[in-house]
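# Secondary and tertiary structure notes
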Amino acid sequence: MLLYYSSTTYQFKSIFQGVSTLTEVALTRVFGRLSIPSFFYVSYFPDVGSHYGIRNIGTLGKIFRYEVFLDTQELFKHFSWREKKGTLAINSIMDFYGAFGYYGLIIGNITLGFFIGGLDVLLNKLEKNTVNLVFIIFCFVFAYYLSQASFARSLLGYGFFFFVLCWVYLQKRFKIKLR
């Protein structure tokens, strides 16, 4: 809570008011922002709209020239009674469901588990030097983004793939040193 407070412009008259407000913010982020959209996805797909497959990946939409389905905006518009535009924060687990249904939920999460497990094995075998430590820190950031965005957005949109390319480039002669 102290980190959150230090990064905001909140002004509190007392410690009690500060703790109360910051606790409310933290709880609404966890239960409101991250949990409730999952119920929206289960309610919306496939009853209201069909599963979208890979149509929500903007980069592929530009390459293959198809209209991108803005799933988080569409669901916000469907479930909100306000005229404001907005989006939902959906995690990678529920994005697999929104994209491919229950089969996507099962297969996508098994794939994600193998990917994270393989990444963990790689991180444990890396030599501990400055470049590799920065890579390890960025992997933690990537894992955080998985709780906020789809797997594809975390890989491409939030820079994990680009950072891996930079990390490989920074290694001497493209040789990755393992312990």
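Conventions used here
Residues numbered from 1 in each chain as written. Predicted model: local features only at pLDDT ≥ 70, side-chain atom pairs only at ≥ 80, totals over all residues. Heavy atoms only, no water. Axes fitted to C-alpha atoms, helices over the stretch in contact; angles between N-to-C directions. Helix = DSSP H or I, 4+ residues; strand = E, 2+ residues; numbered from the N terminus. Parallel < 35°, antiparallel > 145°, perpendicular 65-115°, else oblique. Contact = heavy atoms within 4.5 Å. Nonpolar A, V, L, I, M, F, W, Y, C, P; charged D, E, K, R; others polar. Salt bridge = Lys/Arg side-chain N within 4 Å of Asp/Glu carboxyl O. Buried < 20%, exposed > 50% of the residue type's maximum accessible area, 1.4 Å probe, protein only. Phe/Tyr/Trp six-rings, centres within 6.5 Å; stacked < 30°, edge-to-face > 60°. pLDDT = per-residue confidence, 0-100. Arc of directions from axis to C-beta. Core = buried A, V, L, I, M, F, W, Y, C linked by side-chain atoms within 4.5 Å.

## Considerations on the packing of helix H3 (residues 36-44) against helix H5 (residues 71-79)
Contact geometry of H3 with H5 gives a least axis separation of 11 Å together with a crossing angle of 85 degrees. What the angle tells us is that H3 and H5 run roughly perpendicular. Listed contacts from H5 to Phe40, Tyr41, Ser43 and Tyr44 of H3 are Asp71, Thr72, Glu74, Leu75, His78 and Phe79. The residue inventory of the contact of H3 with H5, partitioned by class, reads 5 nonpolar, 3 polar and 2 charged.

## Some thoughts on unusual backbone geometry
Trans is the prevailing form of peptide bonds, just as negative phi is the prevailing case for residues other than glycine. Cis peptide bonds are those with omega within 30 degrees of zero, and the linkage from Phe45 to Pro46 qualifies with -5 degrees. Note that Pro46 resides in the loop between H3 and helix H4 (58-64).

## Quick word on the pattern of salt bridges
One pass over the structure, following the stated rule, counts 2 salt bridges. The partner of Arg153 in a salt bridge is Asp71, with the nearest N and O atoms 2.9 Å apart. Here Asp71 lies in helix H5 and Arg153 lies in helix H8 (residues 151-157), a separation of 82 residues in the sequence. Measuring nitrogen to oxygen at the nearest pair gives 3.9 Å for the salt bridge that ties Lys77 to Glu74. Taken together, the residues span about one helical turn, with Lys77 and Glu74 both in helix H5 at a distance of 3 residues.

## Re the side chain of Thr72
Tracing the backbone shows Thr72 in helix H5. Taking relative accessible area as the criterion, Thr72 reaches 11% and is therefore assigned buried. Not counting residues up to four positions away in its chain, the partners in contact with Thr72 are Tyr41, Gly86, Thr87, Leu88, Ile90 and Arg153.

## What to know about the packing of aromatic side chains
In total, this model carries 20 aromatic pairs according to the counting rule given. On the basis of an interplanar angle of 20 degrees and a centroid distance of 4.4 Å, the ring pair of Phe138 and Phe163 is categorised as stacked. Note that Phe138 is positioned in helix H7 (residues 130-146) and Phe163 in helix H9 (residues 160-170), a separation of 25 residues in sequence. An aromatic cluster is built from Phe96, Phe115, Phe135, Phe138, Phe142, Phe151, Phe160, Phe163 and Trp167, whose rings are joined through pairwise contacts.

## Quick look at the confidence of the model for the protein
When pLDDT is averaged along the protein, the result is 86, and 91% of the positions lie at 70 or above. Element-level mean pLDDT values for the protein span from 60 in helix H1 (residues 2-6) up to 95 in helix H6 (residues 92-125).

## Some words on the environment of Gly49
Tracing the backbone shows Gly49 in the loop between H3 and H4. Expressed as a C-alpha distance, the spacing of Gly49 and Ala152, which sit 103 residues apart in the sequence, is 21 Å.

## Observations regarding H5
Taken together, the buried positions of H5 are occupied by Asp71, Thr72 and Leu75. Buried residues along H5 cover an arc of 95 degrees about the axis, so they all sit on one side. The elements touched by buried residues of H5 are H3, H6 and H8.

## So, the nonpolar core
Counting 13 residues, the largest nonpolar core has Leu119, Leu123, Phe135, Cys139, Phe142 and Phe151 as its most contacted members. For this core, the secondary-structure elements that each account for two or more residues are H6, H7 and H9. Broken down by element, this core gets its largest block of residues, 5 residues, from H7. Here Phe142 is in contact with Phe115, Leu119, Phe151, Ser154, Leu155 and Phe160, once residues within four sequence places are set aside. Counting residues in hydrophobic clusters, the runner-up holds 11 residues, among them Phe45, Leu88, Ile90 and Tyr97.

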